[in-house]
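Chain by chain, the residues run as shown.
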Amino acid sequence: MEKLRYLKDVVTLALDAERCVGCGLCADVCPRGVLSLDNGRAAIIDRDACMECGACAMNCPAGAITVQSGVGCAAAVINSMLGRTGGDCCCVIEPGKSCPAADQNL
Ligand code: SF4
Ligand code: SF4
């Protein structure tokens, strides 16, 4: 999983640190280590590792995080698992093949 990254600088993740109350839930639920606590407030430490799953925003009690779920590779992975080969996602993994973005180490 460490090598699996989406396109650089396209992630929609946004953090309003002024609203953060420092609970740490976002860092706890993030499966990619994107967020961490820094001096009692959340910080984005690895933006391009974000797969836009939305877990951090859903669990933030302060509404400090926004992310447009499903734009990143999470949609491609789910589509592939469901056997889909097309649709709105620009990065659909065909059966028997790996993610092209991951192959190019993007
Ligand atoms: S959207 Fe998902 S991967 Fe991205 S920072 Fe939030 S929990 Fe982590
Ligand atoms: S879940 Fe929200 S309030 Fe809690 S640390 Fe993360 S950004 Fe701050």
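Residues numbered from 1 in each chain as written. Chains lettered and ligands numbered in written order. Predicted model: local features only at pLDDT ≥ 70, side-chain atom pairs only at ≥ 80, totals over all residues. Heavy atoms only, no water.

1. Describing the site of ligand 2
- The environment of ligand 2 is made up of 14 residues, and the closest members are C20, C23, G24, C26 and C60.
- Of the residues that constitute the shell around ligand 2, the class distribution is 12 nonpolar, 2 polar and no charged. (Near = heavy atom within 4 Å. Nonpolar A, V, L, I, M, F, W, Y, C, P; charged D, E, K, R; others polar.)

2. Focus on the site of ligand 1
- With respect to spatial proximity, 13 residues lie near ligand 1, and among them C30, C50, C53, G54 and C56 are the closest.
- When grouped by side-chain class, the residues that make up the shell around ligand 1 number 10 nonpolar, 1 polar and 2 charged.

3. Description of the side chain of E52
- On the secondary structure map, E52 appears in the loop between β3 (41-44) and α2 (55-59).
- For E52, which is buried and forms no salt bridge, the nearest opposite charge comes from R47, at a distance of 8.0 Å.
- One polar contact links the side chain of E52 to the main-chain amide nitrogen of T12, over a distance of 2.8 Å. (Helix = DSSP H or I, 4+ residues; strand = E, 2+ residues; numbered from the N terminus. Buried < 20%, exposed > 50% of the residue type's maximum accessible area, 1.4 Å probe, protein only. Lys, Arg positive; Asp, Glu negative; His and termini not counted. Salt bridge = Lys/Arg side-chain N within 4 Å of Asp/Glu carboxyl O. Polar contact = N/O pair within 3.5 Å; in protein donor to acceptor, adjacent residues only side chain to side chain.)

4. Details of unusual backbone geometry
- In the Ramachandran plot, N39 falls in the positive-phi region, its phi being about 55 degrees despite a non-glycine side chain.
- Within the secondary structure layout, N39 lies in the loop between β2 (35-38) and β3.
- According to the relative accessible area criterion, N39 is exposed, its value standing at 75%.
- Even without being glycine, E52 reaches a positive phi, approximately 55 degrees.

5. Here we look at the pattern of salt bridges
- Tallying each qualifying case throughout the model produces 1 salt bridge.
- With its nearest N and O atoms 3.7 Å apart, the salt bridge here joins E18 to R41. Of this pair, E18 sits in the loop between β1 (14-15) and α1 (25-29) while R41 sits in strand β3, and the two are 23 residues apart along the sequence.
- Of the residues examined, R41 reaches a relative accessible area of 35% and is grouped as partly exposed.

6. What to know about the nonpolar core
- Counting residues in hydrophobic clusters, the biggest one holds 13 residues, and the most contacted among them are L13, C26, V34, L35, C50, C56 and I65.
- Dropping the residues within four chain positions of it, I65 is found in contact with L13, A14, L15, C26, L35, C56, A57 and C60. (Core = buried A, V, L, I, M, F, W, Y, C linked by side-chain atoms within 4.5 Å. Contact = heavy atoms within 4.5 Å.)

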